[in-house]
Amino acid sequence: MALSSVLQTHPAGFNFDNVARNSALEGLFEGGQTPKPLKTGTTIAGVVFKDGVVLGADTRATSSEVVADKMCAKIHYISPNIYCCGAGTAADTEKTTDLLSSNLSIFSLNSGRNPRVVMAVNILQDMLYRYHGQVGANLILGGVDCTGNHLYTVGPYGSVNKVPYLAMGSGDLAALGILEDGFKHDLELEKAKELVRASIHAGIMSDLGSGNNIDICVITRQGVDYIRPYQESEYKDNRNVRYRYRPGTTPVLTEKVVPLKLEVAQEAVQHMDTA
Amino acid sequence: MLTAYNIPCLYFVLSNYGAVFQGRDLHRMFRNYCATPADIQAYQKESARKGDTMNSRGLRSQLKDSVPVAGLCPQGAYGVQDSLRSGFTSIKNELLPSHPLELSEKNFHLNQDKMNFSTLRNIQGLHAPLKLQMEYRAARQIQRLPFLPSSNLALDTLRGSDECIGFEDILCDPAQSEVMGEPHMMVEYKLGLL
């Protein structure tokens with residue numbers, strides 16, 4: 001479509017052409033019918049223990065009042081030694097962590113080193129501050145690098161906090177209560193996993209936006225153990241994914257066989273030349 | 001009212017499209033970068049002399065054409081207002097931005113460069129940003145014709161954005177844009193003959 005009034009090509013990046021139209025449309029329908037973004041009303045938590053970092057998350061994604069995804073993966077891969085839990089708008093956390101992971105892999109290809117957690121945090125902070133909170137991503141970054149085990153949180157406006165234990169999302173108050181009660185420095189692996197599991201469970205029980213299963217990701221110097229799901233919800237429904245029934249499932253009540261009488265009307269043979 | 005804003009816009013157009021690098025341009029550039037109280041007084045004296053006493057400095061940065069886009073024609077096809085896409089005509093919609101991020105995104109690289117160069121000037125002296133800016137200006141002139149997508153390889157390498165992936169590499173890729181400008185019009189606009 002050639003427009004005679006396009007005098008310069010659009011710059012790459014975000015395009016704000018439709019904003020005026022969208023706000024006019026919202027006013028027209030009294031805000032009731034615009035599509036709502038998929039949010040992960042969520043409980044995510046992280047704990048630094050003796051040998052590394054444990055991250056935990058629930059698996060429910062909601063779209064206003066409806067559960068949109070029961071097995072949503074909220075723990076995203078950033079680099080072999082860094083993982084990130086994301087709360088907020090699902091698309092924003094997904095895309096931001098993807099970009100972060102790409103940038104860090106370019107860096108590690110260039111320099112031949114594993115990236116540090118502070119690098120990931122700084123890149124995220126710059127990116128999120130640039131968009132002044134419009135990118136709705138609350139992230140918990142945890143990883144092990146040459147300087148030790150680190151756990152950071154990055155807010156949607158670019159605020160950063162470095163803490164030994166942490167919970168974010170709509171269920172964070174309940175989860176934080178369990179963490180405050182049970183956290184000690186230099187926990188063992190099993191105790192740390194149990195603590196994170198208990199805190200996510202508290203978040204699931206007390207918050208409507210969190211639910212279903214619990215995922216746990218353990219990051220140590222030796223490697224990463226991504227346990228998905230660590231604990232399945234007790235309230236599972238028995239819906240089938242595929243509706244295929246064994247022969248004999250339906251009982252046969254009566255059977256009637258009618259043979260079809262056919263008479264041969266014409267027979268013709270044609271030889272095929274297979275030479 | 002429009003004439004007072006067009007003059008600085010024309011200056012920006014000329015300087016962005018590879019004008020000759022003059023000392024006068026440089027002085028004006030750095031006056032905007034690091035405005036000391038003496039600079040502000042000089043600016044005020046100048047604007048009082050020209051006759052506009054309104055403090056238009058802040059307002060100018062809020063207007064949509066602080067970095068100039070197309071001329072004053074409406075944004076629809078064939079120059080007619082496209083009511084379905086942009087609503088009814090209003091001066092406010094044309095001048096003020098519709099999204100809080102619109103201006104900051106449009107000027108993001110400019111602002112970042114401004115900040116970095118003024119810090120560099122304070123730390124290392126005037127020569128450092130001067131040399132870097134000379135290289136940037138040279139690299140920015142390596143472009144294809146205006147209606148073709150240019151790779152900007154030299155500019156990316158200087159900026160360091162050849163090793164970064166951001167939203168500008170994923171969204172709204174100019175190589176895959178759905179609208180095409182008319183080649184003759186675009187070349188004429190760039191050469192200032194329009």
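Conventions adopted
- Residues numbered from 1 in each chain as written.
- Chains lettered and ligands numbered in written order.
- Predicted model: local features only at pLDDT ≥ 70, side-chain atom pairs only at ≥ 80, totals over all residues.
- Heavy atoms only, no water.
- UniProt positions renumbered as here; feature names shortened; annotations may be inferred.
- Helix = DSSP H or I, 4+ residues; strand = E, 2+ residues; numbered from the N terminus.
- Pairing = 2+ DSSP bridges.
- Axes fitted to C-alpha atoms, helices over the stretch in contact; angles between N-to-C directions.
- Contact = heavy atoms within 4.5 Å.
- Salt bridge = Lys/Arg side-chain N within 4 Å of Asp/Glu carboxyl O.
- Buried < 20%, exposed > 50% of the residue type's maximum accessible area, 1.4 Å probe, protein only.

### Focus: the UniProt feature "active site" (unreviewed entry) in chain A
With numbering aligned to this structure, UniProt lists the feature "active site" (unreviewed entry) at Thr42(A). With respect to the helices, strands and loops of the structure, Thr42(A) is situated in the loop between β2 (39–40) and β3 (44–48).

### Topic: the sheet that holds β3(A)
All names here are of chain A. In space, the 5 strands of this open sheet follow the order β12-β3-β4-β13-β14, with antiparallel pairing throughout. The open sheet has two edge strands with one neighbour each: β12 (165–168) and β14 (224–231). Taking each pair of neighbouring strands and ignoring which way they run, the sheet shows an average axis angle of 15°. Each of β3 and β12 is contacted by helix α4 (residues 172–182), which is oriented at about 165° to β12, the strand it contacts most.

### A short note on the UniProt feature "domain: Proteasome beta subunit C-terminal" (unreviewed entry) in chain A
Taking the UniProt record as the reference, the feature "domain: Proteasome beta subunit C-terminal" (unreviewed entry) is found at residues 239–268 of chain A. Across residues 239–268 of chain A, helical content stands at 0% and strand content at 0%; the span's end C-alpha atoms are separated by 55 Å.

### Remarks on the pattern of salt bridges
Throughout the structure, instances matching the rule amount to 8 salt bridges over all chains. Here Glu168(B) ties to Arg130(A) by a salt bridge, and the two come within 3.8 Å at their closest N and O atoms. You can see Glu168(B) sitting in helix α11 (residues 167–170) and its partner Arg130(A) sitting in helix α3 (residues 117–130), one on each of two chains. Judged by relative accessible area, which is 28%, Glu168(B) ranks as partly exposed. With a closest N to O distance of 3.8 Å, Lys193(A) and Glu190(A) form a salt bridge. Taken together, the residues span about one helical turn, with Lys193(A) and Glu190(A) both in helix α5 (residues 189–206) at a distance of 3 residues. The class for Lys193(A) is buried, based on a relative accessible area of 10%.

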